[in-house]
Structure formats: C-alpha cells, structure tokens
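# Chain and residue survey
Residue-level listing of the chains:
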Amino acid sequence: MIRIDRLTKRFGSTVALDALDLEVRDGEVFGFLGPNGAGKTTTIRLLLGLLHPTSGEATVLGLDPWRDVVALHRRVAYVPGEFNAWPQLTGTETLELLGRLHGGVDEEYRALLVKRFDLDVSKRGRQYSKGNRQKLALIAALSTRAELLVLDEPTSGLDPLMEVTFRDCVGEAKGRGQTVFLSSHILSEVEAVCDRVGILRAGRLVDQGTLDDLRHLSAVTLEIEYTGPAPDLGGIDGLETIEHGDGVLRCRLQGSPDPVIKALAATHVTNFVMREPSLEELFLRYYRDAG
Amino acid sequence: MPADRRPARAVVRLVRKQVSRGAYAWASIAFLTVYATAKGYTATYPDVNGRQKIAALVQRNPAFQAINGVARRLDTPGGYVTWRVGGVLMVIVAAWAAVATTRVLRGEEDLGRADTVRAGAVTGPQVEAATLMALAGAVLLVTYLVFAGLLAARLAVAGSALLAAAIGLSGLLFVAVAAVASELFAPRRRATQVAATALGVCFAIRVVADGTRGLTWLRWCTPLGWAEETHPFTGNVLWPLLLLAVLTAALAGVALGLQRRRDVGAGAFADRPAHSRLVLLGSPARFAVRSELSSVAVWSASVGAYAVLVGLLAKDFSSFVSTSRGFQDVAARLATATLTRPVGFLALIFTFFAPPIALMGVFQVGAARTEEADGHAEVVLATAVTRSRWLLGRVAVGAGAVVVTSLVAGLLAWTGTALKGGGVELGSMMRASLNMLPAALLFLALAVATFGLRPRLTVAVGAGAVAATYLLQLIGALVKAPTWVLDISPFHHLAAVPIAPANTTAATVMMTVAAVLVAVGVVAFNRRDVAGL
C-alpha cells in the first residue's frame, strides 16, 4: 500500500526526515508515532505529493505521489493535523466543495457521519471550534470511502465521546478493507486501533512492528514486594533496578525471568508482578535512551 | 504598586512590526508623489500665462474638482499640489490606515492570536490603546514624509505643514473609525467593509460638494471637507484641523469604551446567519470566482466610477487644450495623442487606467497565495486536483477579472461622454479598454511566476513592480529621462488607442512574455513544496 525507501527531506540545513524506510500493508491500520517535530507531518505531506523529496522515494498504491497526483488522490483521503476551514463557507458548503474536488463521495454515508459526529453543518467555518473543524475534515475524508485514509493527528481537539466515534469509524473502515495511516502521539488511541506501529524520532524510524512484537523485544517490568532482608539480585544478566524502596523493588528485565525467581528463593516475597510495558513506557524508553 | 508599562510597550512594538512595512511603502510613495507633482508643475507650466490658464480652466469648472477636491490658486505651486494630490492622498492614507487598523484589531482576534496577547498582564483597553498608538505612529511617519516631500520641492513651510497635517489627521481619523468598526463588527472582512463604507460616504459627499456648483456648504458635512477648509498654502486656516482632532479623539474614546464591555472575539452585532448555497463549488476556478466576486466588484465599481467622471470631463478638457497653446506643447510631449478632441483626452487618460487594473490582477494572484498560506490549498491539492489545474484556474479567474474591469471602464467612460454629448463611439472606447490588457496581464503573469518561484514575495514583487513603473513614469517624465529608461515600463508602450493604432508589436511581445511567465510560474509551482506562511 505504502512503500517508503530511504526517503529524505531537508528544509535548508534542517533535516526533517533522514533516510526513512517504511512499509504499510494493504488493509492494515498503521500507527505512526513520534513526538512533536519528529517528522510525522513531513512524511505525510511527502506521501501526498505536497512536498518534494530531497532524495529517496515513496510509492503509494503503487503510484508516485509527485507524478501521479490525480490518479493517487482519487484513491486517498487526507485529514490534516489542523484543518483551517474556509471562514466564509458553511459546513455544508465545505463538505460539498471537498467532496466534488475529490471526485465524488458517498453522500448517504456523509449524512450519517454528520449525525454520528454530532456536527452542526449550518455554521460558517470561522464559527467552528478546533474540535468541530477537525470533525469537518474527518467527515470529508471518511465519506470518500477512499482505499487509503491518511490521517495526521486527526483527533486533536476531539472530546472523548467523539474519540470513541472516531475509533469506531476507523474500525469500520478496516472492516471494509480500507487501509489507514494514522499519525498520532495519543498512545491509547494507537494502542486501541492500530495493527502495527512505526516509531519516529528526529526524522529516523527507531522501530516498527506489531505492538506485540515491540513488547516482546522490549524489557518487562518486575515489581517485587517482600518482608525481611532484601534479596540480592546482583549479577543477573539483563536486569536493571529502577527503584528500591522500603520492601518494594522495581526493576526492568530483558530476557528470561528464571534467574530472578531462583535468586528470590530465600526471600519472603509477598507480591510478585511481572508485566509487559505499556506503549507509553516503550515510547518514553525509546526517547529517553536516545536523548 | 506602580503600573508595569512593559506589557503595553510590548504590544506597541508588536503592532509597529505588523504595520511598518506598509507604512514605509506608503510614506515613500507619498513623498515621491508630492515631490514629483510640485516639480512637475514648474516644468509643465513654466510661465505665468500657462499657470493662469490651467487655474482658470479647473477653478471655473467644478467637474474637475469632483475627484481631486477643491481647486484654489492653481497658478501657484502650493495651490496646484494641494488640488492635484492633496485630496487623493487624504483618501489613500485614510484607506490604508483603516485596513491596517482592522487587521491588527479585528483580524488578530479572528485568528485567535489576540487571546494570547490578552492573556498577558494587560487589560483590553490597554491593548487597544497601545495598538492605536502604534498605528498613529505609522500614520505620523507618512505625514512626516509628505511634509518632507513638499519642503524638498521648496514649497512654503507653513502650507506644507498644514497640508501634511490635514493628510495625517484624515489618516488618524480613519484609524479611529476603523477601531470603532472593529469593536462593533466581526469578522475582519465586515469591519473593513463598514470602515470603507464610512470613508466612501465621506468621499462621496466631498465629491458632490466640490463637483457641484452652489453646494460648497456640503463640505462641512464631511471630515474630508474640513481638511480642505484648511486652505493649505492659500489661506492657512488652522482651526478645521481641530474639528478633525476632536472627532478622532471622540471616536477613539468610543472604541476604548466599547472594548471594555465586550468579550474577546465577539462583536456587538452578531454574525449574519449562514445559508448554505451550493453553487460555484465544483472546481477550483469556480470556487475562486465565488471567493473573489465581491472584491472584483469593488475594484470594477471604483475604476468604473472614475471612468464615468473622465467621460464627463472629456469634452471640457479637450476644448481647453485646443485654446491653450502652452498646454498643447505639454500634451504633445506627454504622449503623441492630440488632446484637442474628447476622444484624444480619453485615449491618453486610458493609458493611466492600466496600473490600477494591473494591481487588481496582482492581488488576484495574491489571493491564491493567501489560500496556500492559510493551509486551504493543501486540503484542495490533496484531492483529485492537480497543481496546474488549481493555479491555472485561479489565474484564469484573475485574468477574467482584469478583462471585465477594463471593459467596465471603457463602457462607463463612453457613458460619461454620451451624457455630455461628446460624440465618442462605444467601439472606440472598447478598443481603448482592450489596449490596456497586455500591460495589465503582464504584471499578473509576473505575480504568477513569483508565486511559483518565491511564493512569499508574490504580492510584494507584483505590486512593487506596478508601483515602481508608476514612479518611473512620474519621475522619468519629470527629469526628461532618456527613452530607453522610460521604455522599461510596459505602460510606456501603450499607444493612445483609439486615436492612434494599437502598438501590436508591443502587445504581442507583452502577451508572449506574460505567457512565458505564467508557464514558469506553473512549472515552478509544480516543482516546489506547498508552503505555509
């Protein structure tokens, strides 16, 4: 669906994207993660042919975003990170304009989406709040039923209720076989809807895979509560103590837990928790490690 | 606790930054205009005889005073400059001041930036007062350069100061008018419309007062008339300035009072209710028509109103020239047109319609740039619209606007002559209209090329080129510059159609260059990144 090959974009002396390799498969929901300024929006604008790559290439739906603009854009729908609605157009007019420029939309579905997102389309663009402008862009994009949805932090400004509606819509799109490329830094959202994620930092991809892959490759967190003398866990490979308080030991473990359990044999353990890291922890670790 | 003045000073600095570019540009144009007009007067009318003739013609004929304002003692340089450019500069400075004011007052609120400023340690009225102060500073700069320009042309100090002050106070008055409009109306477009309407009404009353016999008392009904009653150079009456100052202060006070009472972002009058109309949304070009219709209508109406007046004056002016030998020489030097017939006068005048029409074309391309900078183009270009189609659609609409405005000018100028029984054919005036097109479209094309290559400079380069060629002609004629210098200006190649045949060679060259420039713009736009601000 999307193939990115050593894609690089410089703005003057700033390197926004540095030899990015990425693949998004047909029918999957791909989460594109990264902090502010990592290059997420730059990547998306390159995929849409709004920017010209400095080097490297990207193919979307087998097409070149720079050369095959119309053929590609008929099959892609886009929600910008911040949709600046035309101030003089009403919601209805904006949806009509974008629909016609796209080359046709499912009007019935659009009416349904307006209802589901609970948007008053009779207002002018300038009267909409940020969240409502975002709904407008989402409705315009979803109603195209395009093969590929490119969403750049689409839920910024949406309330939790609408966030749920958004997740439902993404789920339905996937059910219909549409591919979704979703950039976000809302990790719970990515965790809830994405099949695979790519993590971007300072213009480079630091990791990609399914959430499970990323978790397995990563360290687990151990939390041991005990009474009596503290256990001696020194010399265990891959173990790193995070925090050692009064009767509580928290550490990170890479690899098998077996040596830890054996080393605890003499300790009176009152509670033992071992859990996989949340996406948030993964995310923070990637950035902290590199920091 | 002593009041902390730093936040207010920061606001002054911010606004100064926002308006300084326009202030410097207008101040330079104002300086050169008054200087060149004064110098041009002594060059054109070197002796008393010629001066008395032009004075007699204009002063006896109110129609000549309608646009430019009341004419007094045109046999003196001061009197002539006041008539020729004083009234026009008052309106131009007032219009610029009003637009700048709604931009920094209402425009900043529309964009939500005012919230950030108001979240600082300042009250609303303090922000407003600081903003008005910075705007006043910008108007003062223009005023000072008008004064300097008049002095540089060796006009009397007192008269120069008075004329500059009258122009400056007109500007300040419309800062205050626009401030009140910004308090009452949202969004910015509406506030600007209201302020512009106020200026239009003041101007229209002055036009009637100065342009109609026996209605001079009407001058007291408009602030622009008060400014005229100062009689710069010819009588030097100071107290009408006081009227202007009092009204300005009162309106500024009203604006500050209204500011205290309202929410940030809100106007006193609610936005008109919206009704969705689904026409003209089907393509980028159709949408451009929809977006630009009102602004093109205003341009056409303004150019058209001037054309009517020119038409009305054509007969009187040509009969003056045919009886005035000194002026005939001048006319012969200015252009090859013979001005002794109404159609000759119109032919010459129409070459001066080209710069404003060219400017309108540049602003049409500027509107495309604004669409891009606001992030609207990005959304459109992410749909099944190619960049070429988007840009060419907007260029076509801009070119169409240029053609329509030119034809409106020709039609209305003909209407003016017909009302006076001037015996000019409609077909001739249409040809005069079409004659302007290649030069006007050339500037539009220059803006398109700039849009492709250096989008942020689209309007600066386009409008700058129009202004530069206008000044080149103004000053070039004055210093009797060699022909090749004057030839740089596309406007210099306009033949005086309909009395002279159109310069088809020049027209062909200009249209070819324009086509190349548009092609460069489209190709460059296709190659560059879609860019924000």
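Below or above, wherever it landed, is the structure these notes cover. Predicted model only: the values in this text are computed from it and were never measured. (Residues numbered from 1 in each chain as written. Chains lettered and ligands numbered in written order. Predicted model: local features only at pLDDT ≥ 70, side-chain atom pairs only at ≥ 80, totals over all residues. Heavy atoms only, no water.)

## Overview of the overall build of chain A
- Of the regular secondary structure elements, chain A holds 10 helices and 13 strands.
- Once the C-alpha set of chain A is aligned to its principal axes, its extents read approximately 75 × 45 × 35 Å.
- For chain A, buried positions account for 52% of its 291 residues.
- Within chain A, counting contacts between residues at least 6 apart in sequence, those at least 24 apart form 68% of the total.
- Summing over all exposed atoms, chain A offers an accessible surface of approximately 12800 Å²; the carbon and sulfur share of this is 48%.
- Taking the 34 positively charged and 42 negatively charged side chains of chain A as two groups, their mean positions are separated by 7 Å. (Helix = DSSP H or I, 4+ residues; strand = E, 2+ residues; numbered from the N terminus. Buried < 20%, exposed > 50% of the residue type's maximum accessible area, 1.4 Å probe, protein only. Contact = heavy atoms within 4.5 Å. Areas by Shrake-Rupley, 256 points an atom, 1.4 Å probe, with all protein chains shown as cover. Lys, Arg positive; Asp, Glu negative; His and termini not counted. Charge placed at Lys NZ, Arg CZ, Asp CG, Glu CD.)

## Notes on the sheet that holds strand β10 (residues 220–227) of chain A
Residue and element names in this part refer to chain A.
- Taken together, four strands build an open sheet; the order of strands is β11-β12-β10-β13 and the sheet is antiparallel. Two strands in the sheet have a free side with no partner beyond their single neighbour: β11 (239–244) and β13 (268–275). If you compare each strand with its neighbour and ignore which way they point, the axes differ by 20 degrees on average.
- When β10 meets strand β12 (residues 248–253), the two strands line up antiparallel, connected through six bridges. Bridge assignment links L222 to a residue of β12, and that residue is C251. (Pairing = 2+ DSSP bridges. Axes fitted to C-alpha atoms, helices over the stretch in contact; angles between N-to-C directions.)

## Observations regarding unusual backbone geometry
- In this structure, the amide linkage connecting A186 of chain B to the following residue, P187 of chain B, adopts the cis form with an omega of -5 degrees.
- For P187 of chain B, the position within the fold is in the loop between α7 (157–184) and α8 (188–211).
- Cis geometry marks the peptide bond from V497 of chain B to P498 of chain B; its omega dihedral reads 15 degrees.
- With respect to the secondary-structure elements, P498 of chain B resides in the loop between α19 (483–486) and α20 (504–527).
- Phi is positive for R6 of chain A, close to 45 degrees, though the residue is something other than glycine.
- Note on placement: R6 of chain A falls in strand β1 (residues 2–11).

## Some words on the pattern of salt bridges
All names here are of chain B.
- Evaluation of the coordinates by the stated rule reveals 33 salt bridges over all chains.
- The closest approach of N and O atoms between R106 and E109, which form a salt bridge, is 3.5 Å. Of the two residues, R106 and E109 both sit in helix α4 (residues 77–110), three residues apart, roughly one turn of that helix. Comparing R106 with E109, the two get one shared label, buried.
- Of the charged contacts, one joins D210 and R206 as a salt bridge, the two residues approaching to 2.9 Å between their closest N and O atoms. Of this pair, D210 and R206 both sit in helix α8, four residues apart, which is roughly one turn of that helix.
- Exposure remark for R206: the relative accessible area of 1% places this residue in the buried category.
- Residues participating in the shared-partner salt-bridge network are R206, D210, R219, E228 and E229. (Salt bridge = Lys/Arg side-chain N within 4 Å of Asp/Glu carboxyl O.)

## Some thoughts on a nonpolar patch on the surface
- The grouping of W220, W239, L242, L243 and V246 of chain B at the surface amounts to a nonpolar patch, some 530 Å² of accessible area in total.
- Looking at the element boundaries, W239 of chain B is found in helix α10 (residues 239–261). (Patch = residues over 30% accessible without salt bridge, like charges linked within 9 Å, V, L, I, M, F, W, Y side chains within 5 Å.)

## Side note on the interface of chain B and chain A
- Contacts between the two partners involve 34 residues from chain B, matched on the other side by 37 residues from chain A.
- Taken over both partners, the interface formed by chain B and chain A buries close to 3000 Å², and the fraction arising from carbon and sulfur atoms is 58%.
- Linking chain B with chain A are three salt bridges.
- For the salt bridge of R290 of chain B with E93 of chain A, the shortest nitrogen-to-oxygen distance reads 2.7 Å.
- Put simply, chain B and chain A have 20 residue pairs in polar contact (both at pLDDT 80 or more) between them. (Buried area = accessible area lost by both parts, 1.4 Å probe. Polar contact = N/O pair within 3.5 Å; in protein donor to acceptor, adjacent residues only side chain to side chain.)

## Some points on the state of the cysteines
- Scanning the model with the defined rule gives zero disulfides over all chains in all.
- There is no disulfide at C194 of chain A, and the cysteine sulfur nearest it, in C169 of chain A, is 15 Å away.
- When its relative accessible area of 8% is taken as the criterion, C194 of chain A is described as buried.
- Looking at C221 of chain B, it has no disulfide partner, and the nearest cysteine sulfur is the one in C202 of chain B, 10 Å off.
- You can call C221 of chain B partly exposed: its relative accessible area is 46%. (Disulfide = S-S within 2.5 Å.)

## Describing the packing of helix α1 (residues 6–44) of chain B against α4 of chain B
All names here are of chain B.
- At a minimum axis distance of 10 Å, the contact between α1 and α4 shows a crossing angle of 170 degrees. Between α1 and α4, the angle is such that the two are roughly antiparallel. In this structure, α1 contributes V15, Q18, V19, G22, A23, W26, A30, T33, V34, T37, A38 and Y41 to the contact, and α4 contributes P77, Y80, V81, R84, V85, L89, I92, W96, A100, R103, V104 and E108.
- Of the residues contributing to the contact of α1 with α4, the split by class is 17 nonpolar, four polar and three charged. (Parallel < 35°, antiparallel > 145°, perpendicular 65-115°, else oblique. Nonpolar A, V, L, I, M, F, W, Y, C, P; charged D, E, K, R; others polar.)

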